[in-house]
Amino acid sequence: MIITGHRGALGTEPENTLRSFRRAVVDGCDEIELDLRVTADGELVIMHDATVDRTTSGSGEVAAMSYDEVRSLDAGLGEVVPTWAETVAEIGVRFQAEVKAVDAIPLLVESLQADPSLAARTMVTSFHPEILLAVRRALPTASTGRIFGRTPAISDVLMLTKEAEAGAALCGIAGLTADGVAELQATGLEVTAWPVPDQDTLVRAAALAVNGITTDNPHLLHRVG
């Protein structure tokens with residue numbers, strides 16, 4: 001079962017920073033989940049929100065700021081907002097790259113086309129089917145996953161994931177059953193459960209036989225089985 005660090009090690013470090021990603025790897029994560037946006041001058045950066053207000057010392061929309069302006073901000077404990085390029089160069093594990101802005105698609109696809117080894121360790125994710133379909137059209141071999149905040153009926157998960165031509169369903173654990181997971185996997189889909197904040201929830205996820213879990217707190221988890 002793959003353990004994915006949500007924005008790195010969100011529970012202990014400033015989210016979506018290199019410090020957070022390094023900590024997640026040290027804490028045993030196989031994969032890092034991160035979020036992609038684009039600055040006004042076309043730099044692909046790691047940021048969850050549309051604005052920098054919540055997670056940095058500054059304010060304003062990422063899309064309206066230059067890379068230098070974003071880079072000058074304190075992203076927590078002296079960290080800066082990292083770029084996609086420097087993140088993948090430094091962090092050697094797999095990535096779940098959630099596309100938060102449509103203009104990130106061509107930049108992300110270009111990076112994956114230029115580096116097959118990076119493409120092999122990257123799954124592009126989104127809540128939005130149009131984003132995943134755009135990635136699929138630009139890069140037919142891309143690994144993609146559709147995110148569900150609240151897991152609907154399994155038949156709907158299957159329909160909506162296939163609609164997006166995705167190979168994985170990233171599902172809220174509250175709505176999952178072992179039978180439902182098995183049904184999705186029988187169609188060839190991988191299933192990730194989230195959030196998994198503690199060891200008890202990890203044990204539950206293992207009983208569901210999901211392919212992977214996403215956690216804010218990798219430091220609290222110990223592998224099951």
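Scoring rules and cut-offs
Residues numbered from 1 in each chain as written. Predicted model: local features only at pLDDT ≥ 70, side-chain atom pairs only at ≥ 80, totals over all residues. Heavy atoms only, no water. Buried < 20%, exposed > 50% of the residue type's maximum accessible area, 1.4 Å probe, protein only. Helix = DSSP H or I, 4+ residues; strand = E, 2+ residues; numbered from the N terminus. Pairing = 2+ DSSP bridges. Right-handed = clockwise from strand over helix to strand, strands pointing away. Core = buried A, V, L, I, M, F, W, Y, C linked by side-chain atoms within 4.5 Å. Contact = heavy atoms within 4.5 Å. 1 Å grid on protein atoms, 1.4 Å probe; cavity = no way out; pocket = protein on both sides within 12 Å on 5 of 7 lines; lining within 4 Å. Points joined across faces, edges and corners; volume = space filled by probe spheres on them. Nonpolar A, V, L, I, M, F, W, Y, C, P; charged D, E, K, R; others polar. Salt bridge = Lys/Arg side-chain N within 4 Å of Asp/Glu carboxyl O. Disulfide = S-S within 2.5 Å. Arc of directions from axis to C-beta.

An unreviewed UniProt entry annotates the chain as Glycerophosphodiester phosphodiesterase originating from Kribbella pittospori.

S.K.: Quick question: what am I supposed to make of the pairing of strand β1 (residues 2-6) here?
M.R.: A regular strand carries its side chains on alternate faces of the sheet. Taken across its 5 residues, β1 has 4 buried, putting it largely inside the fold. Summarising the sheet, β1 and strand β9 (residues 212-215) pair through 4 bridges and their orientation is parallel. Of the residues in β9, the one forming a bridge with I2 is G212. When β1 meets strand β2 (residues 31-38), the two strands line up parallel, connected through 3 bridges. Considered in β2, the bridge of H6 is made with E33. In this view, the connection linking β1 to its parallel neighbour β2 by way of helix α1 (residues 18-26) has right-handed handedness.

S.K.: Would you take a moment to explain the nonpolar core for this structure?
M.R.: Within soluble globular proteins, side chains that are nonpolar tend to cluster in buried spots. Counting residues in hydrophobic clusters, the biggest one holds 49 residues, and the most contacted among them are L36, W84, L176, V210 and I213. Ranked by residues supplied to this core, first place goes to helix α4 (residues 104-114) with 5 residues. Apart from the residues within four sequence positions on either side, V210 is in contact with M1, L176, V181, Q185, V191, A193 and A205. One finds V45, V62, V70 and A75 within the second-largest nonpolar core, a separate group that totals 9 residues.

S.K.: I'm lost on empty space enclosed by the protein in this one. Help?
M.R.: Where empty space is left can be seen by rolling a probe of water-molecule size over the atoms. Inspection of every chain in the model, using the stated rule, returns 1 cavity of 30 Å³ or more. For the lining of the largest cavity, the class distribution of residues is 5 nonpolar, 5 polar and 1 charged.

S.K.: How should I be thinking about the pattern of salt bridges in this particular structure?
M.R.: A side chain of one charge can pair with a side chain of the opposite charge when the charged atoms of the two come close. Applying the stated criterion across every chain yields a total of 14 salt bridges. For R54, the salt bridge is made with E15, and the minimal N-O distance between the two is 2.9 Å. Taken as a pair, R54 in the loop between β3 (44-46) and α2 (67-71) and E15 in the loop between β1 and α1 lie far apart in primary sequence, 39 residues in all. Here R54 falls in the partly exposed class, since its relative accessible area comes to 48%. Take E15: its relative accessible area is 12%, and that puts it in the buried class. Where salt bridges share partners, they join R7, E15, D35, D49 and R54 into one cluster.

S.K.: How do you make sense of the state of the cysteines when you look at a structure like this?
M.R.: As used in these notes, a disulfide is a covalent bond between sulfur atoms, one from each of two cysteines. Enumeration according to the criterion identifies 0 disulfides in this entry. C171 takes part in no disulfide bond, and the closest cysteine sulfur, belonging to C29, lies 19 Å away.

S.K.: Please clarify how helix α7 (residues 154-163) should be interpreted in this entry.
M.R.: Think of an α-helix as turning once every 3.6 residues; residues three or four places apart then point the same way. Listed as buried for α7 are I154, V157 and T161. Seen along its axis, α7 keeps its buried residues to an arc of 50 degrees; they face one direction. As for α7, its buried residues are in contact with β6 (143-147), β7 (168-172) and α8 (178-186).

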